Amino acid sequence: NQYIVRCLFLNLLFLFDVAANLLVTMAMLPSLAPAQQGQPRIQEQSLVIVYENINSMKAVHVDAKARYDNRYGSFPQKDWIGLPFGSKVRATGGSRGWVYLLAPTPDLWSLVLRHRTQILYIADISMVCMYLELCPGAVVLESGTGSGSLTHSLARAVAPSGHVYSFEHHLERANEAAAEVRSNGLASCVTIRHRDVEGCGFPCGQGQTGEGEQGKGSCATIGMDGDGLRMDGTRSEADGGSTCGGDKEVGKGEGCGRVQDGGSEIQQQGGAGKEDGSDAGRDDELNLAGKADAVFLDLPAPPKVIPSAAICLKPNGRLCSFSPCIEQVQNVCRALELAGFTDILTVECLLRTHEVRAERIDTLKRPPPSTQQHQQEQREHPGSAKRARVDTKEGDLQLQDAAPAASADAVGPEEVGKDEDAAHNNEGAGEE
């Protein structure tokens, strides 16, 4: 009876321990649920980076009625909705293909965006952001926008309280870049404007409004002649300059995007202003004088823009110009010195990739000759007292005859005398 009682008591203790563990687990579940619910998940029209392999990625806006087809199979996008980013999905129809659904980042966006112009990649972008000393809350000016690769990385560096003002002289590219920025959720910290910065400079309130010598509403243009920079706001026809006056009709992509007599210059050039649903807005209300922490230039003639960039920069602000040729670098350095910049540095960024893998190299070596063979060779060639083995690059062993050693016993007395006379003559020649 005592044995039975002890067994029942031990069983009760075991059941009590199990019940206590279950209660602790149930108490922890509510604290884990918010973490799982807070994970970002794929929704309708979400931007997803479809990862096929390291060299193949695509940007897809999720549509429940569409399918994603590639060489690995077919993937219904409706199955992606509700999954967390980073999920691995498999193709339907018996295919063994799979893809990863990655969350968009500026680095991935640079690899999948549609190239309207040549772009900067991760190596150059990281160096630019580091030397510009970007941080949250900074204000950055960029010209030109191009495909928007750098614009997204600048926005990430200054978010959430900073701002990026990007200017593009080509109207269609400006509108496409503005649409992508809005679609990618960066409209709160990125402003894209259609403006010819080379011809009109940054919007800094210097000669943008009022009566000018070259027409109503002409804005200041910066040029370079043979004697250096001209910062007086005018350019002669000999310098190849052009004004941005509202009364003067300019070609597409060459205006400043300013409002002139009730209509924006974008509209005058055949584009649509923001009143007509344009993505790239006007810059008539902008005055960035003394507000920028950093400026980035990627233009054919950056020296024309440096004076207006100096006006927009705060004290101790930084300017970076991306130039493809050394002649352009020389002109930029000269313009920076004339504009009062200090600590000018020129850097070339080269990226080299390495592939690390393990390989086994087998060398073929012949076995050394046997003792009997060696003795037989000595009998056949008695003058070869020494044999030297030479290892070739192929790993074969070759036998090289050593020069027979000459001994005094094997040489006659006449030959010995001749050798002594020759040595004596050589010594005399050396003394002379």
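As the structure is a computational prediction, the values presented were derived from the model and not from experiment. As a convention, each chain's residues are numbered from 1 in the sequence order in which they are written. In keeping with the model being predicted, local features are shown solely for residues with a pLDDT of at least 70 and side-chain atom pairs are shown and tallied solely at 80 or more, while totals for entire chains, interfaces and linings include all residues. Just so you know, side-chain values use all the structure's heavy atoms and leave hydrogens and water out.

Trainee: Now, about the overall build of the chain: what can you tell me, with residues and values included?
Mentor: Under the DSSP-based scheme used, a helix requires at least four consecutive residues in state H or I and a strand at least two consecutive residues in state E, with every element numbered from the N terminus. Along the chain, the regular secondary structure elements total eleven helices and 19 strands. For the chain, the residues scored as buried account for 36% of the 432 residues in total. For the chain, the proportion of contacts with a sequence separation of at least 24, taken over those separated by at least 6, is 54%. In short, Shrake-Rupley with a 1.4 Å probe defines the accessible areas, and a residue's cover is counted only from the protein chains shown. Counting only carbon and sulfur atoms, one obtains 52% of the accessible surface of the chain, whose full area is about 26,900 Å². Three exposure classes are used, based on accessible area relative to the maximum for each residue type with a 1.4 Å probe and protein chains only: buried under 20%, partly exposed in between, and exposed over 50%. The contact criterion used throughout is that any non-hydrogen atoms of two residues lie within 4.5 Å.

Trainee: How would you explain helix α4 (residues 149-158) if you had to name every residue and give the values?
Mentor: Think of an α-helix as 3.6 residues a turn; residues three or four steps apart then line up on the same face. α4 sits mainly inside the fold: eight of its ten residues count as buried. Inspection of α4 places Ser-149, Leu-150, Thr-151, His-152, Ser-153, Leu-154, Ala-155 and Val-158 among the buried residues, and these make up the whole buried set.

Trainee: Account for the packing of aromatic side chains, with residues named and values stated.
Mentor: Between the rings of Phe, Tyr and Trp (Trp by its six-membered ring), a pair exists once the centres lie within 6.5 Å; its type follows the angle of the planes, with under 30 degrees stacked, over 60 edge-to-face, and the other angles tilted. Counted by the stated rule, this structure contains five aromatic pairs. Seen from their ring centres, Trp-98 and Tyr-100 are 5.3 Å apart, and the 75 degrees between their planes marks the pair as edge-to-face. Owing to a relative accessible area of 29%, Tyr-100 belongs among the partly exposed residues under this scheme. Consider the rings of Phe-167 and Phe-202, whose centres lie 5.6 Å apart with planes at 70 degrees: the pair is edge-to-face. With Phe-167 in strand β8 (residues 163-168) and Phe-202 in the loop between α6 (197-200) and β10 (211-212), the pair connects residues that are 35 residues apart, well separated along the chain. Residue classification places Phe-167 among the buried positions, given a relative accessible area of 0%. By the ring-pair criterion, three or more aromatic residues cluster together here, those being Tyr-51, Trp-98 and Tyr-100. Against the face of Trp-98 rests Lys-88, its NZ or CZ located 4.4 Å from the ring centre. In this analysis the charged atom, NZ for Lys or CZ for Arg, is taken to sit over a ring once it is within 6 Å of the ring centre and within 35 degrees of the ring normal.

Trainee: Account for helix α9 (residues 326-338), with residues named and values stated.
Mentor: Helix length check: α9, at 13 residues, gives a terminal C-alpha distance of 19 Å against a target of 18 Å (1.5 Å per residue), a fit within 8%. If you check which residues of α9 are buried, you get Gln-328, Val-329, Val-332, Cys-333, Ala-335 and Leu-336. The buried residues of α9 occupy one face: seen down the axis, they fall within an arc of 165 degrees. In this structure, α9 carries Ile-326, Gln-330, Glu-337 and Leu-338 as exposed residues pointing more than 90 degrees from its buried face. Count one or two residues on from α9 and you reach Gly-340, which has phi positive near 95 degrees. Multiply 1.5 Å by the residue count of a helix minus one, and that product is the helix's expected span. When we speak of the arc, we mean the arc of directions from the helix axis to the C-beta atoms.

Trainee: Quick one: what's the story with the environment of Leu-150, residue by residue and with numbers?
Mentor: Relative to the helices and strands, Leu-150 resides in helix α4. On a C-alpha basis, the gap between Leu-150 and Ile-119 in space is 7.7 Å, while along the polypeptide they are 31 residues apart. Contact partners of Leu-150, with chain neighbours within four places excluded, come to Ile-125, Glu-142 and Phe-296.

Trainee: Report on the pattern of salt bridges, specifying residues and quantitative values.
Mentor: For salt bridges, the criterion is a side-chain nitrogen of Lys or Arg within 4 Å of an Asp or Glu carboxyl oxygen. The tally for this structure, following the rule as stated, stands at nine salt bridges. Its salt-bridge partner being Arg-114, residue Glu-176 comes within 2.5 Å of it at the nearest N-O pair. Of the two residues, Glu-176 is situated in helix α5 (residues 171-183) and Arg-114 in the loop between α2 (106-112) and α3 (122-131); the sequence distance between them amounts to 62 residues. The class of Glu-176 is partly exposed, set by a relative accessible area of 25%. In this structure Arg-114 comes out as partly exposed when scored by relative accessible area, which is 49%. Linked by salt bridges that have partners in common, Arg-114, Arg-116, Glu-176 and Glu-180 make up one network.

Trainee: Help me get a handle on the sheet that holds strand β5 (residues 87-90), residues and values and all.
Mentor: When DSSP finds two or more bridges between two strands, those strands count as paired. An order of β2-β1-β6-β5 is seen for the four strands of this open sheet, with the pairing classed as antiparallel. Sheet topology places β2 (56-61) and β5 at the edges, where each strand pairs with a single neighbour. The average angle at which neighbouring strand axes cross in this sheet is 30 degrees, direction not considered. Summarising the sheet, β5 and strand β6 (residues 98-102) pair through four bridges and their orientation is antiparallel. Paired with Val-89 across the strands is Val-99, a residue of β6. The convention used is that axes are lines fitted to C-alpha atoms, helices contributing only their stretch in contact, and that angles between N-to-C directions extend from 0 to 180 degrees.

Trainee: Before we move on, could you go through the confidence of the model for the chain and cite the residues and values that matter?
Mentor: Each residue carries a pLDDT score, the predictor's confidence in it, ranging from 0 to 100. For the chain, the mean per-residue pLDDT works out to 73, and 61% of the residues sit at or above 70. Here residues 387-418 is modelled with pLDDT under 50, and outside its nearest four sequence neighbours on either side it reaches 31 contacts, counting other chains as well. Below a pLDDT of 50 lies the segment residues 422-432, which in the model reaches zero contacts outside its immediate sequence neighbourhood of four places, other chains included.

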